[in-house]
Amino acid sequence: MIWNKKHFIYTLYIYILILGCGVQSCSVSYKFNGASIDYSKTKTIEIKDFPNRSSYIWGPMANMFNDALKDYYAKNTKLNLVRRNGDLKVEGEITRYEQHNKSVSSDGYSAQTELQITVNVRFSNTKNHAEDFEKQFTATSTYDTTQSLNSVQEELVTEMIKTLCDQIFNATVANW
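Note that the structure is a prediction, hence the values are computed from the model and not measured.

### Comments concerning the overall build of the chain
Then comes step 1: A count of helical and extended segments in the chain gives three helices and five strands.
Then comes step 2: Order of helices (α) and strands (β) in the chain, N terminus to C terminus: α-β-α-β-β-β-β-α.
Then comes step 3: The buried share of the chain, reckoned over its 176 residues, is 34%.
Then comes step 4: A separation of at least 24 residues holds for 69% of the contacts in the chain among residues at least 6 apart in sequence.
Then comes step 5: When the accessible surface of the chain is totalled, it reaches about 11,500 Å², and 52% of it is carbon and sulfur.

Structure representation (structure tokens):
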């Protein structure tokens, strides 16, 4: 059989048509945030401000955490944020904000310092109380001891807050 240009174009057209029909008939939908919420039953979420009850307090941290947590749910769910009587309720407090030596150099001095934030979370699902819990979540970050805490604190706290929001989200609505 001799392949000419006309025959090649016709064959290519058939393949594209078959491929197009196959792609159109099969569609797969993925949600990358992992939320498993039945929006027909659950429509609202109440997120109370988490006060900072740790022994060491860095002023902006509580506001940064509260704003980030509310924003995380707003961006990753269709739930409406309400002040009271939410279908889901998230509340708690920042219980620990501390630093300690992580490693020691050969000369016996601290080489790295670990910064740690722990939050206590109480979660309640008014539509399914079997999912209610109280649990602590912790995030850590390490910095070189040659740097002062003041110079790295905002960056590290922001990073740890993202980690905490991820952990809390996964435990509450992603059911991981």
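### Some words on the packing of aromatic side chains
Then comes step 1: The tally for this structure, following the rule as stated, stands at six aromatic pairs.
Then comes step 2: Each ring, one from Tyr 56 and one from Tyr 97, has its centre 5.4 Å from the other, and the planes form 20°; the classification is stacked. Taken together, the residues Tyr 56 in the loop between strand E1 (44-47) and helix H2 (61-76) and Tyr 97 in strand E3 (residues 88-104) connect sequence positions 41 residues apart.
Then comes step 3: Exposure remark for Tyr 97: the relative accessible area of 2% places this residue in the buried category.
Then comes step 4: Linked through ring pairs, Tyr 72, Tyr 73 and Phe 169 together constitute an aromatic cluster.
Then comes step 5: One cation-aromatic arrangement involves Lys 78 over Tyr 39; the distance from NZ or CZ to the ring centre is 5.4 Å.

### Considering the confidence of the model for the chain
Then comes step 1: On average, the chain scores 87 in pLDDT, and the residues at 70 or more come to 80%.
Then comes step 2: Summarising per-element confidence for the chain, the mean pLDDT is lowest in helix H1 (residues 5-25) (62) and highest in E1 (98).
Then comes step 3: Residue range residues 23-33 is modelled with pLDDT below 50. Its contacts to residues more than four positions away, or to other chains, number two contacts.

### Considering the sheet that holds strand E5 (residues 133-144)
Then comes step 1: Taken in spatial order, the five strands of this open sheet run E2-E1-E3-E4-E5, and their pairing is mixed. In the strand order of this sheet, the two ends are held by strand E2 (80-82) and E5, each with one partner. When the angles between neighbouring strand axes are averaged without regard to direction, this sheet yields 30°.
Then comes step 2: Where strand E4 (residues 110-125) meets E5, twelve bridges bridge the pair, whose relative direction is antiparallel. Among the inter-strand pairings, Phe 123 is bridged to a residue of E5, identified as Phe 133.

### Some points on the pattern of salt bridges
Then comes step 1: Counted under the stated rule, the structure contains eight salt bridges.
Then comes step 2: Measuring nitrogen to oxygen at the nearest pair gives 3.4 Å for the salt bridge that ties Lys 102 to Glu 114. Within this pair, whereas Lys 102 is found in strand E3, its partner Glu 114 is found in strand E4, the two being separated by twelve residues in sequence.
Then comes step 3: Looking at Lys 102, the relative accessible area reads 47%, which means it is partly exposed.
Then comes step 4: Using a relative accessible area of 12% as the deciding quantity, one classes Glu 114 as buried.
Then comes step 5: Each member of the salt-bridge network shares a partner with another, and the members are Arg 53, Glu 93, Arg 122 and Glu 134.

### Things to note about the packing of H2 against helix H3 (residues 149-172)
Then comes step 1: It is at 9 Å that the axes of H2 and H3 come closest, and there the two elements cross at 45°. Overall, the two elements H2 and H3 adopt an arrangement that is oblique. In this structure, the crossing between H2 and H3 has a hand that is right-handed. Between H2 and H3, the residues in contact are Met 61, Met 64, Phe 65, Ala 68, Leu 69, Tyr 72, Tyr 73 and Asn 76 and Glu 154, Val 157, Thr 158, Ile 161, Leu 164, Cys 165, Asp 166, Ile 168, Phe 169 and Thr 172, respectively.
Then comes step 2: Broken down by class, the residue content of the contact of H2 with H3 amounts to 13 nonpolar, three polar and two charged.

Parameters and conventions
- Residues numbered from 1 in each chain as written.
- Predicted model: local features only at pLDDT ≥ 70, side-chain atom pairs only at ≥ 80, totals over all residues.
- Heavy atoms only, no water.
- Helix = DSSP H or I, 4+ residues; strand = E, 2+ residues; numbered from the N terminus.
- Buried < 20%, exposed > 50% of the residue type's maximum accessible area, 1.4 Å probe, protein only.
- Contact = heavy atoms within 4.5 Å.
- Areas by Shrake-Rupley, 256 points an atom, 1.4 Å probe, with all protein chains shown as cover.
- Phe/Tyr/Trp six-rings, centres within 6.5 Å; stacked < 30°, edge-to-face > 60°.
- Lys NZ or Arg CZ within 6 Å of the ring centre and 35° of its normal.
- pLDDT = per-residue confidence, 0-100.
- Pairing = 2+ DSSP bridges.
- Axes fitted to C-alpha atoms, helices over the stretch in contact; angles between N-to-C directions.
- Salt bridge = Lys/Arg side-chain N within 4 Å of Asp/Glu carboxyl O.
- Parallel < 35°, antiparallel > 145°, perpendicular 65-115°, else oblique.
- Left-handed = near helix turned anticlockwise from the far one by under 90°.
- Nonpolar A, V, L, I, M, F, W, Y, C, P; charged D, E, K, R; others polar.

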